[in-house]
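# Observations on the model geometry
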Amino acid sequence: MSIEYKLCACPLDCYDVCSMKAEIIDGKATKLEGNKEHPITQGIICEKGRKHIERMYSPMRIKQPMKKENGGFVEISWDEALDTITSKLNHYIDNYGTQSIAQYNDGGAGGLLKNVENLFFDYLGNVTLFKGSLCWGAGIAAQQSDFGGVKGHTPEDILNANTIIIWGRNIAETNMHLVPFIREAREQGAKVVLIDPIKTATTAISDFHIQLKPGGDAAFALAAAKYMIENNSYDEDFVSDNTMGFNEIKVYTESLNYEDLFEICDSDIDSVKRFVGLLANKPAAIYIGYGVQRYNAGGVTVRAIDMLGALAGNIGISGGGINYANKIYGELINWQAVAPMVKPQHRYIAKAKLSTELAELDNPKVKAIFISRSNPAVQVPNSMGVVASINKVEFKVVLDYFMTDTAELADIVLPVTYFMEETDIIYSSMWNGCLFYNEKLVERYYQSKPEYEIYGLLADRMGISEFPKMNELQWINKLLGDVSRNDIDIEQLKADTYTFARGAKTIPWSDYKFKTASGKFEFIDALSLGKFMKNSKKDEDGYFRLLTVHARESLHSQHFMTSNVRQPEVYICKADAEHLNVNDKELVNLQNQFGSIIAEISISNKIQKGVLYMKEGWWFKNGGSVNALTSHEISDIGNQATYNECLLKIIKLGANNE
Ligand SMILES: Nc1nc2c(c(=O)[nH]1)N[C@H]1C(S)=C(S)[C@@H](COP(=O)(O)OP(=O)(O)OC[C@H]3O[C@@H](n4cnc5c(=O)[nH]c(N)nc54)[C@H](O)[C@@H]3O)O[C@H]1N2
Ligand SMILES: Nc1nc2c(c(=O)[nH]1)N[C@H]1C(S)=C(S)[C@@H](COP(=O)(O)OP(=O)(O)OC[C@H]3O[C@@H](n4cnc5c(=O)[nH]c(N)nc54)[C@H](O)[C@@H]3O)O[C@H]1N2
Ligand code: SF4
Ligand SMILES: [Mo]
């Protein structure tokens, strides 16, 4: 019997990128636990991480390619699958041009080589791709405008903060390795402010919870800015030396009155005073989550939060920062080294608009779509429209491990390898800035293949001779091996259990050289703020606002696959439940112009009046995706999905809808 212990990292689309230790007995993975040596993830992994082995060896995994036949699926060989795809692609390209081919993918699992699939489509020509984001797009665009880049502080720097402001991030459930750092900071005396419309699990690590009305954050930020400017409690030196646009903010906030602002955000002057006092107790570290920007005004909201950070001079200093993400990999990964010489002019539609725009595209219509590392039937807003639009595409290929709701729509399903079955580099731009070398630890499951190999085989058949033919290590070396660019030596990366990427262990903007056109931090303009104020109206009577938050127990839809729960739960406050005459555990119909789902009432003291919340990620077989109810509208900037702009009615089952 051979027993080996190997380190690897969790590739799930998560802030944390846990370092893990795998036990391999006779070539089979038998146990996975946290690696205690890692300074950030410190030996703890979450329940999703603990499920990797079960999922990798799950009998539900797809063993070999499959094609749809008579409404069901039959197993076929790789040759048949790839030959079919090749002849379809050639047919569509010859008759309708390359733009009739679409590719949709997301971050279902991270890994440098997972992105090689994009290259295939670059080599194919001008195809149809998806822009924007389901995830963080408005906030990224906001910080690009304000700072000229999106950078985060090294995780342990939070220990230097006097105040920690958690703005719409459910750290206890979505970013759990930040919790020990916050606990330690609190033990040293730091105060923690949480701003979230829900009393989430994160309230347990906070001192002061500001429970605003959903979407009201920019109004609260404006009230705080107004108060700081009126009382001269902003950092005049920072503002005059390093920012642009302050006077416009000053004049604009002077024109506002607190009553209007408090009506939008449902707060009061005492909360503002207390908040401003804590923000001014420098250094104050702000951690923004992605829930705040899943709104029409998502960009304005993040820019308004940035405005407060700048007014307080909490930028470029240890223990401070406005941490949203840490986008450092664009500079590290050298796609130029493998990219085609000619940059194709792809055609783009916003991801969030898949439900409407995919089927509407013309000249040419989309004839074939490739979907990978994602489950759009469940995760993209307006699910009913998404399913109908995908169904209208003649030829659909899905790459996944499991028969998801999206894979069910495919004509061909291709089985991909699990992370322990392939060599890759794992990293995330969300928070933990470590790079990990994940070595192949176990044999591939049945006939599964990694994406770079699948697309290599397809490139051969399509006659794309420029597509690089390389093994995993060669790919990694090409993309990441330029030491002058990265300070990263691949041999060292292999030997080390983790490596901090360049830019991961820094205090961003400490040189005050911002990457904006002016070289300064640029305040949001009064016009955008004015638009926000004008559009902020009360939700219509009789309608509830639904927030669809990320679940502790599942990474989006992935871990709900085996859930036995038949119906999603909808959380509602006692007063609203009484008013509607619905009881705990009662099944109700949630309904709006996009669709309807049946959900189980859960009366909760975590939620305010007029607001509901549900966990995103439910499969159709679990009673339906919450996205049957969400809108395909996009945010002000960044083409971000606006999941939290969801208004609906609760209808008692059996009651007349009207
Ligand atoms: N367990 C688990 N962890 C995950 C994920 C997962 O699915 N499961 N997904 C990963 C991914 S891809 C992402 S993008 C991140 C997301 O991580 P988070 O940003 O933490 O998660 P969200 O659920 O999008 O929203 C965070 C919070 O925003 C709050 N919120 C909603 N509307 C508003 C508002 O108007 N104002 C304020 N202040 N707060 C608001 C919600 O109540 C929620 O508590 O998590 C990552 N980690
Ligand atoms: N209502 C609502 N909807 C949301 C959100 C919300 O807050 N509310 N959040 C949004 C956010 S932040 C995000 S990031 C998106 C996520 O949207 P998706 O990325 O579409 O969500 P997942 O459910 O993680 O689906 C990933 C799929 O990829 C497969 N997969 C995993 N690893 C691999 C691999 O190596 N190769 C291939 N080919 N497939 C693989 C998994 O089995 C799974 O089926 O969802 C968004 N949807
Ligand atoms: S999902 Fe996130 S917290 Fe859980 S093991 Fe993976 S990286 Fe760690
Ligand atoms: Mo995300």
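Residues numbered from 1 in each chain as written. Chains lettered and ligands numbered in written order. Predicted model: local features only at pLDDT ≥ 70, side-chain atom pairs only at ≥ 80, totals over all residues. Heavy atoms only, no water.

## Quick word on the site of ligand 2
- Taken together, the neighbourhood of ligand 2 is formed by 29 residues, with D400, Y401, E451, S557 and N627 sitting nearest.
- One of the side-chain nitrogen or oxygen atoms of Y401 is found 2.6 Å away from a nitrogen atom of ligand 2.
- Taking E451, its side chain carries an N or O atom lying 2.5 Å from a nitrogen atom of ligand 2.
- Starting from 920 Å² of accessible surface for ligand 2 in isolation, the protein chains cover 99%. (Near = heavy atom within 4 Å. Polar contact = N/O pair within 3.5 Å; in protein donor to acceptor, adjacent residues only side chain to side chain. Areas by Shrake-Rupley, 256 points an atom, 1.4 Å probe, with all protein chains shown as cover.)

## Focus: the pattern of salt bridges
- A complete count under the given rule lists 34 salt bridges for this structure.
- K440 is the partner of E443 in a salt bridge, and the nearest nitrogen-oxygen pair spans 3.4 Å.
- Here E443 falls in the exposed class, since its relative accessible area comes to 61%.
- Residues participating in the shared-partner salt-bridge network are E4, K6 and E439. (Salt bridge = Lys/Arg side-chain N within 4 Å of Asp/Glu carboxyl O. Buried < 20%, exposed > 50% of the residue type's maximum accessible area, 1.4 Å probe, protein only.)

## Some points on unusual backbone geometry
- Here K282 and P283 are connected by a cis peptide whose omega angle stands at -5°.
- The residue P283 is located in the loop between α12 (269–280) and β12 (284–288) in this model.
- In this chain, N363 is followed by P364 through a cis amide linkage whose omega measures -5°.
- Mapping P364 onto the fold places it in the loop between α15 (354–360) and β15 (368–372).
- For W509, which is not glycine, the phi dihedral falls at a positive 65°.
- As for its position among the elements, W509 is in the loop between β20 (499–500) and β21 (521–522).
- Residue W509 is classed as buried on the basis of its relative accessible area of 8%.
- Its identity as a non-glycine residue notwithstanding, K585 has a phi of 75°, on the positive side.
- Position of K585 relative to the elements: it lies in the loop between α23 (574–580) and β24 (587–591). (Helix = DSSP H or I, 4+ residues; strand = E, 2+ residues; numbered from the N terminus.)

## Considerations on the side chain of R373
- For R373, the position within the fold is in the loop between β15 and α16 (376–379).
- Taking relative accessible area as the criterion, R373 reaches 12% and is therefore assigned buried.
- Within the local environment of R373, its side chain forms a polar contact with the side chain of N115, the two groups lying 3.5 Å apart.
- What R373 contacts, discounting residues up to four positions off in sequence, is N105, D106, G107, G108, A109, K114, N115, E117, L399 and E451. (Contact = heavy atoms within 4.5 Å.)

## Remarks on the environment of S383
- Checked against the element boundaries, S383 lands in helix α17 (residues 383–392).
- By relative accessible area, S383 is classed as buried at 0%.
- In the structure, S383 is positioned 49 residues away from N432 in sequence and 32 Å away in space, judged by C-alpha atoms.

## Points about the site of ligand 1
- Not every one of the 34 residues close to ligand 1 is listed here, only the nearest: T174, D196, G215, D217 and R294.
- For ligand 1, an oxygen atom lies 2.9 Å from a polar atom in the backbone of N170.
- In the model, a nitrogen atom of ligand 1 is placed 2.8 Å from a nitrogen or oxygen of the A551 main chain.
- Among the residues making up the shell around ligand 1, the classes are represented as 14 nonpolar, eleven polar and nine charged. (Nonpolar A, V, L, I, M, F, W, Y, C, P; charged D, E, K, R; others polar.)

## Quick word on a nonpolar patch on the surface
- Side chains of M1, I3 and Y5 sit close together on the surface and give an oily, nonpolar patch of about 390 Å² of accessible area.
- Here I3 is to be found in strand β1 (residues 3–9). (Patch = residues over 30% accessible without salt bridge, like charges linked within 9 Å, V, L, I, M, F, W, Y side chains within 5 Å.)

## Focus on the pairing of strand β3 (residues 28–34)
- In this sheet, β3 lies alongside strand β2 (residues 19–25) in antiparallel orientation, the contact comprising six bridges. Bridge pairing in β3 links K21 to E33.
- Linking β2 to β3, which pair antiparallel, is a turn of two residues; within it D26 sits at a positive phi near 45°. (Pairing = 2+ DSSP bridges.)

## Describing helix α13 (residues 298–311)
- When the terminal C-alpha atoms of α13 are compared, their 20 Å separation across 14 residues agrees well with the 20 Å that a helix rising 1.5 Å per residue should span.
- Of all 14 residues in α13, 14 are buried; the element is thus mostly enclosed.
- Immediately beyond the C-terminal end of α13, within one or two residues, lies G313, with a positive phi of roughly 65°. (Expected span 1.5 Å × (residues − 1).)

## Quick look at the pairing of strand β6 (residues 101–105)
- A large share of β6 lies buried, amounting to five of its five residues.
- Residues I101, Q103 and N105 of β6 are buried on one face, and the alternating residues A102 and Y104, pointing to the opposite face, are buried as well.
- Here five bridges tie β6 to β15, and the two strands are oriented parallel to one another. The residue bridging Y104 from the neighbouring strand is I371, located in β15.

## Thoughts on the sheet that holds strand β9 (residues 191–195)
- One open sheet holds the five strands; their spatial order is β10-β9-β8-β12-β13, and the pairing between them is parallel. Two strands in the sheet have a free side with no partner beyond their single neighbour: β10 (208–210) and β13 (322–323).
- Where β9 lies against β10, three bridges are found, and the strand directions are parallel. If you follow L194 over to β10, its bridge partner there is H209.
- Running over the sheet, α13 touches β8 (163–167), β12 and β13 and is turned about 175° from β12. (Axes fitted to C-alpha atoms, helices over the stretch in contact; angles between N-to-C directions.)

## As for the environment of A407
- Of note, A407 is situated in the loop between β16 (395–400) and β17 (412–415).
- Each C-alpha atom of the pair A407 and A218 lies 39 Å from the other, and the pair is 189 residues apart in sequence.

## Observations regarding the nonpolar core
- Counting residues in each nonpolar core, the largest one holds 94 residues, and the members touching the most others are W167, F275, M307 and L311.
- Looking at which element gives the most residues to this core, the answer is helix α8 (residues 217–230), with eleven residues.
- Setting aside its immediate chain neighbours within four residues, M307 contacts A221, L222, A225, I249, F521, F523 and I524.
- In this structure, L82, Y92, L332 and L493 belong to the second largest nonpolar core, which totals 79 residues. (Core = buried A, V, L, I, M, F, W, Y, C linked by side-chain atoms within 4.5 Å.)

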